[in-house]
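One letter stands for each residue in the lines below.
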Amino acid sequence: MKLATYGGAFGTDLGAVLGDRLVPLTRLDPALPRDMTALIARWDALKSRVADLVATARETLPLAALSLRQPILRPGKILALGKNYAAHARETGAEVPDRQIWFCKQPTAANGPYDPVDIPRVSDQVDYEAELVVVIGRRGRHIAPEAALGHVFGYCCGNDVSVRDWQKMTPQWMLGKSFDTHAPFGPWITTADEVPDPQALAIACRVNGETRQSSTTSNMIFPVADQIALLSQAMTLEPGDIVFTGTPEGVAMGMTPPKWLKAGDRVEVEIAGLGALDNTMRPEP
Ligand code: MN
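Since we're looking at a predicted model, the values are computed, not measured. (Residues numbered from 1 in each chain as written. Predicted model: local features only at pLDDT ≥ 70, side-chain atom pairs only at ≥ 80, totals over all residues. Heavy atoms only, no water.)

## Observations regarding the state of the cysteines
Note the cut-off: We call a pair of cysteine sulfur atoms a disulfide when they lie within 2.5 Å. Exposed residues in this analysis have more than 50% of their type's maximum accessible area, buried residues have under 20%, and partly exposed residues fall in between, with area computed by a 1.4 Å probe over protein chains only.
Overall, the coordinates contain zero disulfides when judged by the stated rule. The closest cysteine sulfur to the non-disulfide-bonded Cys157 is located on Cys156, 6.8 Å from its own sulfur. Exposure remark for Cys157: the relative accessible area of 0% places this residue in the buried category. Here Cys205 stays unpaired: no disulfide links it, and the sulfur of Cys157, its closest cysteine neighbor, is 11 Å away.

Spelled out as structure tokens, the structure:
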């Protein structure tokens, strides 16, 4: 199933994407939670009801007429793994890491799949990072790698937008990774049952139609299962937490001179089977 959050000034609803149409789940059944995190937390109890609504689909809406938001409006945690593709680590001049390098993006950075992304007032060194995003489904602590994928609710596309001068100003990357609007993800969550192998997905980033990144998640140094296992040794992973799993080579920072993003640039992140983000850069209002 492909689950989306859509809506605008009068609140948001949840829907299931079927091709170019959407089944308006929470309008068809007002008893369903209208918040994705709540739906994920109660998924075991609700999934057959949702599947019935999709199968009978007595009313659908054209996707193109709807305003899709990030599928989880305000994730509890936005965890992100640095340098998780060897060729990307090398292009930044870094060693290929022998341990996982974690940082956070703040929940206020969350942004929609088609919304504008800010060029901040304080920097012009803005970069893109196409990433597979994992959505946690089942709460857990000390999760074994063999059990880790069982805690995944689904997957989507993400862009770990990065302000490079701010990222490198201090040993902690957090500030440069947490600017408002700099965590677009979506366009919807594809549930894990439709993604038989998260380590075999083609991933790409285009800027104004030019392919800048083209790789596969099979090139990750630390696969998704190892990421969940390590994170859960430190913290409880909860329904609706999201994990940015690292970016392949081809970022602006690795170019001479770097092709930083500028206002008006169109940035697309596409992952096979998961859809695509399509965000345009604008000056910070
Ligand atoms: Mn990243």
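So, next bit.
## Quick word on the coordination of the manganese ion
The expected angle between donors at a tetrahedral four-coordinate metal is 109.5 degrees. At an octahedral six-coordinate metal it is 90 or 180 degrees. This is how the line gets drawn: Water is not part of the atom set, so a site may look incomplete; the donors themselves are N, O and S atoms within 2.8 Å of the metal, or 3.2 Å for Na, K and Ca. Only DSSP runs of H or I covering at least 4 residues are called helices, and only runs of E covering at least 2 are called strands; the numbering of each starts at the N terminus.
The coordination sphere of the manganese ion, as far as protein atoms go, consists of Glu129 (OE), Glu131 (OE) and Asp160 (OD), spread over 2.0 to 2.1 Å. Sequence spacing among the residues donating to the manganese ion works out to E-x1-E-x28-D. Taken together, the positions of Glu129 in the loop between strand S10 (126–127) and strand S11 (130–136) and Asp160 in the loop between strand S12 (152–159) and strand S13 (162–163) put the pair 31 residues apart, joining distant regions of the chain. For the pair shown, Glu129 and Asp160 are each scored as buried.

## Here's the deal with the nonpolar core
Nonpolar side chains tend to gather and get buried jointly when the protein is soluble and globular. Going by this rule: Definition used in this section: a nonpolar core is a set of buried Ala, Val, Leu, Ile, Met, Phe, Trp, Tyr and Cys residues joined via side-chain atoms within 4.5 Å. By the convention used here, residues are in contact when the closest approach between their heavy atoms is within 4.5 Å.
Core analysis: the biggest nonpolar cluster contains 38 residues, and Tyr128, Leu132, Val134, Ile228, Leu261 and Leu274 have the highest contact counts within it. Beyond its immediate sequence surroundings of up to four residues, Ile228 is in contact with Val134, Ile136, Ile143, Ala148, Val152 and Leu237. Ranked by size, the runner-up nonpolar core spans 32 residues in total, among them Ala16, Leu25, Val50 and Ala110.

## Regarding the pairing of strand S16 (residues 210–216)
As a reminder of what qualifies: Paired strands are those between which DSSP finds at least two bridges.
Two strands pair when backbone bridges link them, and strand S15 (residues 202–207) and S16 are joined in this way by six bridges, in the antiparallel orientation. Residue pairing across strands places Ala202 opposite Thr216, the latter belonging to S16. Connecting S15 to the antiparallel partner S16 that follows it, the hairpin turn spans two residues, and Asn208 within it adopts a positive phi of roughly 50°.

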